[in-house]
Amino acid sequence: MISIGSIAGASGGGSYGSAKAARHNWTADLAFDLGGRGITVNAIAPGLIEDAEFFGGALPPERRATLIGQAADGRPGRPADIAAAVSLLASPEAGHKTDQVIRVNGGALLGH
């Protein structure tokens, strides 16, 4: 099982961040509940992802620049970055990966 969290679940983000933090905690609980049945449970926590339409075209250019500036790799994420993480976690090679929150955010941490 793979769910989508958010960078906001790690450090802030108001009620949205709180909801995503709860998802990350739920991932841990569910991993322990289902692990004995061979089911892995993980979450992906993206940062800024271009073309995802999360902000509905309303992300001001200054905020976009700030978010990109917080990433260690200096770029926004792409949908393909998320797809690659999903592909990894869904693969047979990830059979011992459970209770993980994989941050796909270029090394950014909200509020950095």
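Residues numbered from 1 in each chain as written. Predicted model: local features only at pLDDT ≥ 70, side-chain atom pairs only at ≥ 80, totals over all residues. Heavy atoms only, no water.

Turning to the pattern of salt bridges, a few remarks are in order. Under the definition given, this model contains three salt bridges. Where D73 meets R75, a salt bridge forms, and the shortest distance between an N and an O atom there is 3.9 Å. Using a relative accessible area of 43% as the deciding quantity, one classes D73 as partly exposed. Across the pair D81 and R75 runs a salt bridge, and its minimum N-O distance is 3.1 Å. Of the residues examined, D81 reaches a relative accessible area of 23% and is grouped as partly exposed. With a relative accessible area of 27%, R75 lands in the partly exposed category. Counted as one network, the salt bridges with shared partners bring together D73, R75 and D81. (Salt bridge = Lys/Arg side-chain N within 4 Å of Asp/Glu carboxyl O. Buried < 20%, exposed > 50% of the residue type's maximum accessible area, 1.4 Å probe, protein only.)

Of the volumes computed, that of the largest pocket is approximately 650 Å³. As for the largest pocket, its lining consists of 32 residues, and the residues nearest its centre are S6, P46, G47, L48 and I49. Looking at the lining of the largest pocket, the elements that each hand over two or more residues are helix 1 (14-34), helix 2 (61-70) and helix 3 (79-90). Residue contributions to the lining of the largest pocket peak at four residues, all from helix 2. When the residues that make up the lining of the largest pocket are grouped by side-chain class, the tally is 19 nonpolar, eight polar and five charged. Put simply, the second largest pocket is a space of about 170 Å³. Lining the second largest pocket we find 13 residues, and of these E50, D51, F55, G57 and L59 sit closest to its centre. (1 Å grid on protein atoms, 1.4 Å probe; cavity = no way out; pocket = protein on both sides within 12 Å on 5 of 7 lines; lining within 4 Å. Points joined across faces, edges and corners; volume = space filled by probe spheres on them. Helix = DSSP H or I, 4+ residues; strand = E, 2+ residues; numbered from the N terminus. Nonpolar A, V, L, I, M, F, W, Y, C, P; charged D, E, K, R; others polar.)

We now examine the confidence of the model for the chain. Of all residues in the chain, 97% have pLDDT values of 70 or greater, and the mean over the chain is 91. Per-residue pLDDT, averaged within each element of the chain, yields its smallest value for helix 2 (91) and its largest for helix 3 (97). (pLDDT = per-residue confidence, 0-100.)

Here we have three strands laid out as an open sheet, ordered 1-2-3, and parallel in their pairing. Two strands lie at the open edges of the sheet, namely strand 1 (2-4) and strand 3 (100-104), each paired on one side alone. Taken pair by pair, the neighbouring strands of this sheet meet at an average axis angle of 25 degrees, ignoring direction. Note: strand 2 (residues 42-46) against strand 3, five bridges, orientation parallel. Residue pairing for strand 3: I44 is matched across the bridge by I102. Of the strands in this sheet, strand 1, strand 2 and strand 3 touch helix 3, which is tilted by about 165 degrees from strand 2. (Pairing = 2+ DSSP bridges. Axes fitted to C-alpha atoms, helices over the stretch in contact; angles between N-to-C directions. Contact = heavy atoms within 4.5 Å.)

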